Amino acid sequence: MAMIPGTKNKMERNNINPQDLTMASDANQECFPSNDDLPTVLLHRLPSFNSPLKEILQPHFHLLDPADSPEPATSFLSSHAKSVRALVCIYNTPLSAETLSLLPSLEFIVATSAGVDHIDLEECRGRGIIMTNASKAFAEDAADYAVALLIDVCRRISTADRYVRAGLWQVNRDYPLGFKLGRKRVGIVGLGRIGFEVGKRLEAFGCSIAYNSRQKKPSIPFSYHANVVDLAEDNDALILCCPLTEQTHHIINRQVLEALGKEGVIINVGRGGLIDEELLVKFLSRGDIAGAGLDVFENEPDVPREVFELDNVVLSPHRAIFTPESLEALNELVFTNLKAFFSNKPLQSVFKIEGKDYPVM
Amino acid sequence: MADQEEEQDNTGDQNHKPQDLPQVLVLKPPPVLSVIGEESFLSNKYQFLKAWESPLPLHQFLTAHAGSIQAILCSGAAPVTDDLLRLLPSVRLVVTASAGTNHIDLEACHRRGISVTNAGNVFSDDGADAAVGLLIDVLRKITASDRYVRQGLWVSEGDYPLGSKLRGKRVGIVGLGGIGLEVAKRLEAFGCNVLYTSRKKKTFLSYPFYSGVCQLAAHSDALIICCALTDQTRHMIDKDVFSALGKEGVIVNVGRGAIVDEKEMVRCLVHGEIAGAGLDVFENEPDVPKELFELDNVVLSPHRAVFTPESFMALCELVVGNLEAFFSNKPVLSPVMDV
């Protein structure tokens, strides 16, 4: 078991040799340079969130891990974190304005997820805190998954698998066909890294790509639409790849679903809160849209019961971005960004926090 | 009487009396005929002779009409054998409503100077979409996790095991024909490394070529079977190939069930000797080996990788196009070149 970070300093001050402690059995511990030389990084996590990042970062940074300390978090931060400039937020550990107020020197937050809606963005923007997220590490895997969900919904791959496993192919030779993917018009909501990778892949399938995003991207040859309703009107499928913010909450509403239409398909690898989920379920049950592929839900892991009866939905337990390779890439990205921050070098996968007054969609 | 004759002359497609038109024998309706409907196949250049509608025993039926049958529309369920051709000396064209031609005695057709057309590339896009869909499904466990969620296990058991990244995977395509080429094109967009084996190396392509399936498997993380079923390819994917593919290897089959030694594949899957499979075709459809139903690393599809309403429509147009071209003494649209 790794030693509790933060305690090493206390022990040194009390002339206790850390190597004498039975807990300090990890060989790495013996090779640490003095913690005083290393930049300090705060690890912000729920106690149940264990991350390999701790071991990876430990040799290179003086890590503060309040979750591993017997001290209550607020007291720990008040005592130890006043001069902390950088924080790593593990998974979706909520990072509130209250916590941020205990970190007066904080300049940099490294999020280890693509979505950052668990962080008080308004507070960060107000304080000019720079944020990076995991999009760069996850973008390709998320895009692969989004495309696969689209193929699955269009071609009914998962429902047909269910059909075969239930022994129905032998009973009834025919099964409703899926419909063609190629030449479908696909509208991407949010042309960030993930959205761009989705578009790139679907072009190879002969789809035409359109998008809506906070800003038009003139260098990207996809067709821009000023709002999501227009995007839904003009396209056969919508793929949600944008972050969840106050502006994008329930951005997929009745108007959008009606514009998408009975033949329309929606894929969500963003956040459950992007869609009015109760309404979506009604539309799917009544056949007012053709199908959906959902990796995220408003109240995970709870999925509305009604969709279990439906054959036009593919359900996924929030894993579009996760592969062992992308998690490794994430660890590398976090490490690289921390090093870059402390050497004043450029950061990767910066998340631009927009204000309330910025037009979003 | 005169009125009736006028009516006949004015009815849509047929200017001739039915028996003047060349007859196209259809032993059993191909799926496309059932799905799209006969009306879409009507033409003023030919007429269908529907054997299944006749009360006569087949042999008698064929003998009665032999003189007027100039073409056959066939499919997997209605093979064209040398014996059949011998009964129909006026046949000059065989049209199959499929990409595959393993149900046609091509050698006999060649010997008798009979042209053969198939489905050309109408299925290539949809077949490729499905093949790639199956590959990603197996690698990223999409259908398996859909099942997991539907069983309520996300709530009770927590997260489902992760799948594996696509970028950098070496994907070996077996058979670089219409479907295989489209598969390759799509896989490139995902950052996969495409390799292939085919009867002949394609000099215009830069993908690494392997002359044997075993060699291909040894260098691949996944195999996608897109080739035709012939005497040479029957059970081509055998024990040695699975062994070369290895424990982390995945197989996707959108060709024909019999290209794979199914019993061996099932054994490998059950014992974890390969990592997973996406199967659209089986040796004995619609029977699927029961052992596969127990496995989470297999995606099963009821032989519809190529079937969408759109591809059926395109096939209908191609079948009609081939027949009309032939009976107008024009070159057919999708000739099967090799024997």
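All of these numbers come straight from a predicted model, not from anything done at the bench.

## Concerning the packing of helix α7 (residues 135-155) of chain A against helix α14 (residues 324-342) of chain A
All names here are of chain A.
- Packing of α7 against α14 leaves a shortest axis separation of 8 Å and a crossing angle of 160 degrees. Between α7 and α14, the angle is such that the two are roughly antiparallel. Judged by the sense of rotation from one axis to the other, the crossing of α7 with α14 is right-handed. Residues Lys136, Ala137, Phe138 and Asp141 of α7 pack against Ser326, Leu327, Ala329, Leu330 and Leu333 of α14.
- Residues that form the contact of α7 with α14 fall into these classes: 6 nonpolar, 1 polar and 2 charged.

## Things to note about the sheet that holds strand β5 (residues 130-132) of chain A
Residues and elements named next belong to chain A.
- Pairing is parallel in the open sheet, where 5 strands are placed in the order β2-β1-β3-β4-β5. Pairing within the sheet leaves two strands with one partner each, and these edge strands are β2 (62-64) and β5. The mean angle between the axes of side-by-side strands here comes to 25 degrees, regardless of whether they run parallel or antiparallel.
- Sheet topology note: the strand β3 (residues 86-89)/strand β4 (residues 108-111) ladder contains 4 bridges and is parallel. Within the sheet, the bridge partner assigned to Val88 lies in β4 and is Val110.

## Side note on the side chain of Thr143 of chain B
- For Thr143 of chain B, the position within the fold is in helix α7 (residues 142-150).
- Assessed through its relative accessible area of 2%, Thr143 of chain B is described here as buried.
- Here the side chain of Thr143 of chain B touches Ser158 of chain A through a polar contact of 2.6 Å, side chain to side chain.
- Beyond its immediate stretch of four places on either side in the chain, Thr143 of chain B contacts Asp152, Ile157, Ser158 and Asp161 of chain A together with Asp137 and Val299 of chain B.

## Describing the UniProt feature "domain: D-isomer specific 2-hydroxyacid dehydrogenase catalytic" (unreviewed entry) in chain B
- Sites flagged by UniProt as "domain: D-isomer specific 2-hydroxyacid dehydrogenase catalytic" (unreviewed entry) map to residues 64-336 of chain B.
- Structurally, residues 64-336 of chain B is divided into 36% helix and 14% strand, and its ends, taken at the C-alpha atoms, are 29 Å apart.

## Some details on the sheet that holds strand β7 (residues 193-197) of chain B
Residues and elements named next belong to chain B.
- If you walk across this open sheet you meet the 6 strands as β7-β6-β8-β9-β10-β11, and the pairing is parallel. Since the sheet does not close on itself, it has two edges, and those belong to β7 and β11 (298-300), each with one partner. Direction aside, the axes of adjacent strands within the sheet are offset by 15 degrees on average.
- Here 4 bridges tie strand β6 (residues 170-174) to strand β8 (residues 222-225), and the two strands are oriented parallel to one another. Its bridge partner being in β8, Ile173 is matched across the sheet by Ile224.

## Brief notes about the environment of His235 of chain B
Residues and elements named next belong to chain B.
- Summarising the element assignment, His235 is placed in the loop between β8 and α11 (239-245).
- Separated by 58 residues in the primary sequence, His235 and Phe293 have C-alpha atoms spaced 22 Å apart.
- Once residues lying within four places of it in the same chain are set aside, the contact partners of His235 are Ala258, Ile259, Val260, Asp261 and Glu283.

## With respect to the UniProt feature "domain: D-isomer specific 2-hydroxyacid dehydrogenase NAD-binding" (unreviewed entry) in chain B
- Residues given the UniProt feature "domain: D-isomer specific 2-hydroxyacid dehydrogenase NAD-binding" (unreviewed entry) here are residues 132-305 of chain B.
- Along residues 132-305 of chain B the backbone is 33% helical and 14% strand, and the end-to-end C-alpha distance reaches 10 Å.

## So, the packing of aromatic side chains
All names here are of chain A.
- Tallied over the entire structure, the rule returns 19 aromatic pairs over all chains.
- Summarising the aromatic geometry, the rings of Phe61 and Phe342 are spaced 6.1 Å apart at their centres and angled 40 degrees between planes, so their arrangement reads as tilted. Here Phe61 is found in the loop between α3 (53-57) and β2, whereas its partner Phe342 is found in helix α14, with 281 residues between them in sequence.
- Owing to a relative accessible area of 2%, Phe61 belongs among the buried residues under this scheme.
- For the ring pair Phe108 and Phe341, a centre distance of 4.7 Å and an interplane angle of 25 degrees mean the geometry is stacked. One end of the pair, Phe108, is in strand β4; the other, Phe341, is in helix α14, with 233 residues separating them in the sequence. Phe341 carries the same exposure label as Phe108, and that label is buried.
- By way of ring pairs, the aromatic residues Phe61, Phe108, Phe335, Phe341 and Phe342 are connected into one cluster.

## Some details on the nonpolar core
- Ranked by size, the top nonpolar core spans 115 residues in total, and within it Val88, Leu150, Val198, Leu202 and Leu338 of chain A together with Val183 and Leu323 of chain B carry the most contacts.
- The element best represented in this core is α7 of chain A, accounting for 14 residues.
- Each of domain 1 (2-122 + 309-332) and domain 2 (124-300) of chain B contributes no fewer than three residues to this core.
- For Val198 of chain A, the residues in contact, after removing those within four places along its chain, are Ala143, Ala146, Val147, Ile188, Ile239 and Cys241 of chain A.

## Let's talk about empty space enclosed by the protein
- Considering all chains together, one arrives at 7 cavities of 30 Å³ or more under this definition.
- Looking at the largest cavity, its volume works out to about 120 Å³.
- Taken together, 15 residues line the largest cavity, and the ones lying closest to its centre are Arg155 and Ile157 of chain A together with Ser301, Arg304 and Ala305 of chain B.
- Where the lining of the largest cavity is concerned, the elements lending two or more residues are α8 (157-165) of chain A together with α6 (124-140) of chain B.

## Remarks on the packing of α7 of chain A against helix α10 (residues 193-203) of chain A
All names here are of chain A.
- Here α7 crosses α10 at 45 degrees, and the two axes come no closer than 8 Å. Relative to α10, the element α7 lies oblique. Of the two elements, α7 crosses α10, and the hand of that crossing is right-handed. Contacts between α7 and α10 involve Ser135, Lys136, Ala139, Glu140, Ala142, Ala143, Asp144, Ala146, Val147 and Leu150 on the former and, on the latter, Arg193, Ile194, Glu197, Val198, Arg201 and Leu202.
- Within the contact of α7 with α10, the residues separate by chemical class into 9 nonpolar, 1 polar and 6 charged.

## Structural notes on unusual backbone geometry
- In this structure, the amide linkage connecting Glu300 of chain A to the following residue, Pro301 of chain A, adopts the cis form with an omega of 0 degrees.
- Mapping Pro301 of chain A onto the fold places it in the loop between β11 (291-294) and β12 (313-315).
- Cis geometry marks the peptide bond from Glu285 of chain B to Pro286 of chain B, where omega comes out at 5 degrees.
- Mapped onto the secondary structure, Pro286 of chain B falls in the loop between β10 (276-279) and β11.
- Phi is positive for Arg183 of chain A, which is not a glycine, with a value near 70 degrees.
- Phi angles above zero are rare outside glycine, and His303 of chain B is one such case at about 45 degrees.
- Of note, His303 of chain B is situated in the loop between β11 and α13 (309-327).

## Looking at the side chain of Asn133 of chain A
All names here are of chain A.
- Along the chain, Asn133 falls in the loop between β5 and α7.
- Residue Asn133 is classed as buried on the basis of its relative accessible area, which comes to 5%.
- A distance of 2.9 Å separates a polar side-chain atom of Asn133 from the backbone oxygen of Ala114.

Cut-off values and rules
Residues numbered from 1 in each chain as written. Chains lettered and ligands numbered in written order. Predicted model: local features only at pLDDT ≥ 70, side-chain atom pairs only at ≥ 80, totals over all residues. Heavy atoms only, no water. Axes fitted to C-alpha atoms, helices over the stretch in contact; angles between N-to-C directions. Helix = DSSP H or I, 4+ residues; strand = E, 2+ residues; numbered from the N terminus. Parallel < 35°, antiparallel > 145°, perpendicular 65-115°, else oblique. Left-handed = near helix turned anticlockwise from the far one by under 90°. Contact = heavy atoms within 4.5 Å. Nonpolar A, V, L, I, M, F, W, Y, C, P; charged D, E, K, R; others polar. Pairing = 2+ DSSP bridges. Buried < 20%, exposed > 50% of the residue type's maximum accessible area, 1.4 Å probe, protein only. Polar contact = N/O pair within 3.5 Å; in protein donor to acceptor, adjacent residues only side chain to side chain. UniProt positions renumbered as here; feature names shortened; annotations may be inferred. Phe/Tyr/Trp six-rings, centres within 6.5 Å; stacked < 30°, edge-to-face > 60°. Core = buried A, V, L, I, M, F, W, Y, C linked by side-chain atoms within 4.5 Å. Domains from an automatic or database assignment. 1 Å grid on protein atoms, 1.4 Å probe; cavity = no way out; pocket = protein on both sides within 12 Å on 5 of 7 lines; lining within 4 Å. Points joined across faces, edges and corners; volume = space filled by probe spheres on them.

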